[in-house]
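Fold and geometry: a report
If you want the building blocks of each chain, they are given just below.
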Amino acid sequence: MYDNIKISNLRGIKELEVKNLAQVNLIVGNNACGKTTFLEGIFFLIGAMNPMLPVNSNIFRNLPFASNVLWDTYFHNMNTNTPIRIEGQVRSSIEKDRLTIRPRKEKPHRDLIAHSDTLVTPAGDSETLIKIEGLNLEYSSSRHPEKATATSVYIENDKIATEGEKAREVRGVFLGPATPKDWKERFATVQRNKKLDEVISLLKQLEPKTSDLRLNEVGFVDIDVDLPHLIPANLMGGGFEKLLEVALTMFNFQHGIVLIDEIENGLHHSVQQKLWDAVFNWANTLDVQVFATTHSTECIKAFNESLKASLFKSQAKFFRIERKDDISRSVEYTSELLNESIESDWEVR
Amino acid sequence: MERTGPTKITSKKLIAVEGLDEKNFFGKLLPMIGISDFQIIDVGGKDKFKDKFPALLLSPGFYAPDRTSMVTHVAIIRDNDEDEAFKSVKSIVLKTGLKPPEEHSRFANGTPQVGIYIMPGPKIKGKMLEDLCLQSVQTQPAMRCVDSFADCISKLPEQPKNMSKAKVQSFLAAQPEIVNSLGLGAQNSYWDFGSTVFDELKEFLNHLK
């Protein structure tokens, strides 16, 4: 878990530091201000031993294909000369986790090296012959300075390949509108930890007849809503699916980080406060740090209402990311300042 | 249909006032003295400045992403119904990191320039905007009725808690078209904006030009 996150040269973010992070953080901002990129940066940092994360992240962004033309897009203004740096200050300490991402360049042809590194075109501009074929990820932590690691992801023979991947406990997860749902494993964990009742209790807010959840033979979650037979949870609508997904995920990432892009997606406003009530409660009891984004005023109001009624006011923050040209900043609202703004009906997004 | 939604900062010149009456009052006065590009922010009561002012500074449009102020002027106007009202507002401004003026009815030389005006102004007897408005119409015939009514009710066993507000209501009740608030009275030009009693306030507001 982190108190501060600093990101430079990642996609739309040239430099951004978000300080004084809380247990639950709601992030807003205009389109293309860098909200999702901020979550993505944290995602890369917490999974830094896994070089596939940048590729997975593109899948979450609806870029589900591997191509050498995409490697540049991770870098701000596609400038691969400046590395991506992501730094997280660990909660209540001076320790820092750091990730540096550099382009992985293909080895130039030996004959060409003998002559020149570059060719001059007839038009007079020069173009490097060295192409980018992947990313190199260098992770270090001041907690374990002796264990800096380097991993790579690249394309070889039209397939994604990785090097240096290390087994490591999973520390967090990214949930977005396009992320695949991992019901099977997450459900099993919740069932094993005897927490299904808490999940059912949340789902009852949406469908009061919910009485049971079961994992079916093909790995989907079935729900008992007082019909003669169980029905797949996916058929209960986007809101139901969202609640179930968030619930199962939080119970699976105890002491970890859960990143939720567009948390309001699929949820009717009347249910959003119930979701926040549950998120605050579980973030506290399960020790999960939550980062969520939204564009929705209703979602922000639900966050505020839930916060007002909760015991965890000091453990939640609201941030707006602003960006103009290459300059980004985060604007921090304590729960009190957010409430004052919402009471006055002042724009906070 | 006009699109409604949360209030956004849309002007470089903000006037933070106590409530709706003040919003309507200044909404009428400012254009009359040639100030057109402004935005009046209602903080919802004099006791709210302490909590609302820091929140206002966080609103989108106050500071640019490079932390330069997009707002050039902030005028804070409130009633004098407590001891050391100026000192209290000055302290609120200081806590936000902005530079407050050293004197009443002045603007500080900061970015943005912050000005503080405590109603009704040092030269006017009373403690609130109501007193200033009543002074502006003191010579009007209706005020004789208002004063007479005020004199009468001041002898009641249980008097109005705020005589200035009672007088404003009775003055408004004496108008051809009755309105029920000081602000709407201002919108209807029932207060004499040409009166010299507004001179000091106008001088303060002229900084917003």
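Residues numbered from 1 in each chain as written. Chains lettered and ligands numbered in written order. Predicted model: local features only at pLDDT ≥ 70, side-chain atom pairs only at ≥ 80, totals over all residues. Heavy atoms only, no water.

Let's talk about the packing of helix H4 (residues 183–192) of chain A against helix H6 (residues 238–252) of chain A
Residues and elements named next belong to chain A. The condition that has to hold: Between N-to-C directions, angles cover 0 to 180 degrees, with each direction set by a line fitted to C-alpha atoms, over the stretch in contact for helices. Only DSSP runs of H or I covering at least 4 residues are called helices, and only runs of E covering at least 2 are called strands; the numbering of each starts at the N terminus. For classification, angles of less than 35 degrees are called roughly parallel, those exceeding 145 degrees roughly antiparallel, those between 65 and 115 degrees roughly perpendicular, and all remaining angles oblique. Each helix crossing is assigned a hand: it is left-handed if the near helix lies turned anticlockwise from the far helix by less than a right angle, otherwise right-handed if that turn is clockwise. Should any heavy atoms of two residues lie within 4.5 Å, those residues are considered in contact. In this count, Pro and Cys sit with the nonpolar residues alongside Ala, Val, Leu, Ile, Met, Phe, Trp and Tyr, while Asp, Glu, Lys and Arg are called charged and the others, Gly among them, polar.
At a minimum axis separation of 9 Å, H4 and H6 run at an interaxial angle of 60 degrees. For the element pair H4 / H6, the angle class is oblique. The handedness of the crossing between H4 and H6 comes out as left-handed. Within the contact between the two elements, H4 uses Trp183, Glu185, Arg186, Phe187, Thr189 and Val190 and H6 uses Glu241, Leu244, Glu245, Leu248, Thr249, Phe251 and Asn252. Residues belonging to the contact of H4 with H6 are distributed by class as follows: six nonpolar, three polar and four charged.

Some words on the confidence of the model for chain A
What counts here: Per-residue confidence from the predictor is reported as pLDDT, a score between 0 and 100.
The share of residues in chain A with pLDDT of 70 or more is 92%, and the mean pLDDT across the chain is 89. Overall, residues 110–124 of chain A carries pLDDT values under 50, and its contacts beyond four positions in sequence, including any with other chains, amount to 10 contacts.

Let's talk about the domain arrangement of chain A
Residue and element names in this part refer to chain A. Formally: An automatic or database domain assignment supplies the residue ranges for each domain. Here the quantity called buried area is the accessible surface, traced with a 1.4 Å probe, that two parts lose on coming together, added over both. In what follows, salt bridge is the name for a side-chain nitrogen of Lys or Arg lying within 4 Å of a carboxyl oxygen of Asp or Glu. In protein, a polar contact means a hydrogen-donor-capable atom and an acceptor-capable atom, both N or O and within 3.5 Å, with residues adjacent in sequence counting only if both atoms are side-chain atoms; elsewhere, any N or O pair within 3.5 Å suffices.
Taken domain by domain, chain A holds domain 1 (48–169) and domain 2 (173–256 + 264–308). Every contact between the two is made by four residues of domain 1 and, on the other side, five residues of domain 2. Roughly 360 Å² of surface becomes buried between domain 1 and domain 2 when both sides are summed, with 67% attributable to carbon and sulfur atoms. Our count for the contact surface shared by domain 1 and domain 2 stands at zero salt bridges. Our enumeration of links across domain 1 and domain 2 arrives at zero residue pairs in polar contact (both at pLDDT 80 or more). When the residues that make up the side of domain 1 that touches domain 2 are grouped by side-chain class, the tally is two nonpolar, one polar and one charged.

A short note on the side chain of Gln23 of chain A
Residue and element names in this part refer to chain A. One can find Gln23 in the loop between strand S2 (13–18) and strand S3 (24–28). Reaching out from Gln23, the side chain makes a polar contact with the backbone oxygen of Ala283 at a distance of 3.0 Å. What Gln23 contacts, discounting residues up to four positions off in sequence, is Met1, Arg91, Ala283, Asp287, Val288, Gln289, Val290 and Gln315.

A word on the sheet that holds strand S13 (residues 221–224) of chain A
Residues and elements named next belong to chain A. Here is the rule we go by: In short, DSSP must find at least two bridges between two strands for them to pair.
Strands sit in the order S12-S13-S14 across an open sheet of three strands; the sheet is antiparallel. Each having just a single partner strand, strand S12 (212–215) and strand S14 (231–232) make up the two edges of the open sheet. With two bridges connecting them, S13 and S14 associate as antiparallel partners. Counted as the bridge partner of Ile223 is Ile231 from S14.

Observations regarding the nonpolar core
Quick reminder of the rule: Residues grouped as a nonpolar core are buried Ala, Val, Leu, Ile, Met, Phe, Trp, Tyr and Cys residues, joined through side-chain atoms within 4.5 Å. Residue exposure (1.4 Å probe, protein chains only): buried if accessible area is under 20% of the type maximum, exposed if over 50%, otherwise partly exposed.
With 84 residues, the main nonpolar core has Leu213, Met250, Trp276 and Phe303 of chain A as its most contacted residues. Discounting chain neighbours no more than four positions away, the residues touching Trp276 of chain A are Val24, Leu26, Ile263, Ala292, Cys299, Ala302, Phe303 and Ser306 of chain A.

Thoughts on the pairing of strand S11 (residues 172–175) of chain A
All names here are of chain A. Of the two faces of S11, both are covered, the one formed by Gly172 and Phe174 as well as the one formed by Val173 and Leu175. With four bridges connecting them, S11 and strand S15 (residues 257–260) associate as parallel partners. Each residue of the ladder has a partner; that of Leu175, found in S15, is Ile260.

Comments concerning the packing of helix H7 (residues 269–285) of chain A against helix H8 (residues 297–309) of chain A
All names here are of chain A. Packing of H7 against H8 brings their axes to within 8 Å, and their N-to-C directions diverge by 45 degrees. In terms of orientation, H7 lies oblique with respect to H8. Crossing of H7 over H8 shows right-handed handedness. Here His269, Gln272, Gln273, Trp276, Asp277 and Phe280 of H7 lie close against H8, whose contacting residues are Glu298, Cys299, Ala302, Phe303, Glu305, Ser306 and Leu307. Among the residues forming the contact of H7 with H8, the class breakdown is six nonpolar, four polar and three charged.

Focus on helix H9 (residues 335–343) of chain A
Among the nine residues that make up H9 of chain A, seven are buried, leaving the element largely enclosed by the rest of the structure. Taken residue by residue, H9 of chain A has Ser335, Leu337, Leu338, Asn339, Glu340, Ser341 and Ile342 of chain A as its buried positions. Residues of H9 of chain A that are buried in the fold lie against H8, strand S17 (316–324) and strand S18 (327–333) of chain A together with helix H2 (49–58) of chain B. One or two positions beyond H9 of chain A, positive phi appears at Asp345 of chain A, with a value near 60 degrees.

Focus: the interface of chain B and chain A
Contacts between the two partners involve 20 residues from chain B, matched on the other side by 21 residues from chain A. When chain B packs against chain A, the two sides together hide about 1,800 Å² of surface, and 58% of this comes from carbon and sulfur. Applying the counting rule to chain B against chain A returns three salt bridges. Salt-bridge contacts for Lys52 of chain B lead to Glu340 of chain A; the nearest nitrogen and oxygen are separated by 3.0 Å. Those elements that place two or more of their residues in the side of chain B that touches chain A are strand S2 (39–42) and H2 of chain B.

Comments concerning the environment of Gly29 of chain A
All names here are of chain A. Checked against the element boundaries, Gly29 lands in the loop between S3 and helix H1 (35–46). On the accessibility criterion, Gly29 (5% relative accessible area) is buried. For the pair Gly29 and Ile300, spaced 271 residues apart in sequence, the C-alpha separation works out to 12 Å. Among all residues touching Gly29, those that are not within four sequence positions of it are Lys35, His295, Arg320 and Ile321.

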